[in-house]
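Examination of the molecular architecture
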Amino acid sequence: MDRVKAKKHLGQHFLKDEATAARIADTLRHRGYNDVLEIGPGMGVLTKYLLQQPSTVSVIEIDTESVAYLKSHYPDLDGRILEADFLRFDINKLFDGRPFAVIGNFPYNISSQIVFRTLEYRARIPEFAGMFQKEVAERICEKKGSKTYGILSVLVQAFYEAEYLFTVDESVFSPPPKVKSGVLRLTRKENFTLPCSEKLFFNIVKTAFGQRRKTLRNSLKSLNLTDNLREDTIFDLRPEQLSYEQFIALTQKIEADGV
């Protein structure tokens with residue numbers, strides 16, 4: 001098998017530029033882990049450069065044709081090719097509970113879901129790097145006050161340092177996507193636990209941005225806040241005006257109010 005045919009239903013756009021692949025592989029800092037999991041390696045152009053790195057590389061791929069290609073072209077991956085869906089795979093089965101990094105040229109249609117799943121297993125994932133649709137990568141790294149600042153921005157930045165690294169042109173893919181791509185790196189914060197209920201924090205962020213044009217006083221009505229709490233001036237703000245630190249402080253206030 002010389003090539004894998006890109007499948008539209010899997011959102012496949014195979015990276016073909018060697019320099020870009022090498023640059024993405026070099027984004028990993030290899031701190032605090034020895035294992036790297038690449039999601040959706042396709043024909044392995046990024047895998048090739050990851051295998052030159054000091055960590056042990058495993059890959060997870062849902063496409064059976066790509067799995068067959070990888071097995072025939074990358075014997076160094078022997079025993080470390082998982083034919084599975086990352087979004088459904090039991091991550092607790094990976095690497096005997098050891099920490100690991102996540103990297104990949106992520107399918108645009110599930111890239112946000114990959115980030116949410118990474119957040120779910122953040123205790124195991126000290127570093128995350130990869131390529132997204134440019135607008136999504138920018139949104140994840142955006143600061144408060146921007147129209148693109150949203151749920152992903154707040155939740156990611158509460159636990160990780162987010163860096164937008166570089167932009168990638170459409171021409172380096174086969175088939176080329178209709179939009180530019182962006183590469184980012186997430187480095188888990190040293191103290192990545194919250195001083196409040198994480199469940200409540202996630203709920204407040206998602207509820208607030210669910211009606212982002214409204215002030216928090218109106219968008220958080222479903223939480224049945226007390227009149228005394230609702231008088232706090234923070235509730236005069238819209239969600240995009242709050243940093244992740246302010247969302248944490250807001251969660252603490254609401255938690256103390258007994259919600």
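All values derive from a computational prediction rather than experimental measurement. (Residues numbered from 1 in each chain as written. Predicted model: local features only at pLDDT ≥ 70, side-chain atom pairs only at ≥ 80, totals over all residues. Heavy atoms only, no water.)

Our focus in this paragraph is the overall build of the chain. Regarding its fold elements, the chain presents 10 helices and nine strands. At 20 Å, the chain has a C-alpha radius of gyration in line with the 18 Å of a compact globule built from 259 residues. Principal-axis analysis of the C-alpha atoms gives the chain an extent of 70 × 40 × 30 Å. Within the chain, buried positions represent 51% of all 259 residues. Across the chain, contacts joining residues at least 24 apart in sequence account for 69% of those joining residues at least 6 apart. For the chain, the computed accessible surface area is about 12,500 Å², with 47% contributed by carbon and sulfur atoms. (Helix = DSSP H or I, 4+ residues; strand = E, 2+ residues; numbered from the N terminus. Rg over C-alpha atoms; globule rule 2.2 N^0.38 Å. Buried < 20%, exposed > 50% of the residue type's maximum accessible area, 1.4 Å probe, protein only. Contact = heavy atoms within 4.5 Å. Areas by Shrake-Rupley, 256 points an atom, 1.4 Å probe, with all protein chains shown as cover.)

The subject of this paragraph is the pairing of strand E3 (residues 56-61). In terms of residue burial, E3 counts as a mostly covered element, since five of its six residues are buried. Where strand E2 (residues 35-39) meets E3, five bridges bridge the pair, whose relative direction is parallel. Directly across from Asp35, in E3, lies its bridge partner Thr56. Bridge analysis of E3 against strand E4 (residues 81-83) gives three bridges, and the strand direction is parallel. Along E4, the bridge assignment pairs Ile60 with Leu82. (Pairing = 2+ DSSP bridges.)

Where a protein is soluble and globular, its nonpolar side chains tend to be buried together. If you look at the biggest cluster of nonpolar residues, it comprises 57 residues, and the most contacted ones within it are Phe201, Leu220, Phe247, Leu250 and Ile254. Ranked by the residues each element gives to this core, the list is headed by helix H7 (residues 198-210), at seven residues. With near-sequence residues (within four places) excluded, Leu220 lies in contact with Ile204, Thr207, Ala208, Leu225, Phe235, Leu250 and Ile254. Listed in part, the 30 residues of the second largest apolar core include Leu15, Leu77, Ala101 and Ala129. (Core = buried A, V, L, I, M, F, W, Y, C linked by side-chain atoms within 4.5 Å.)

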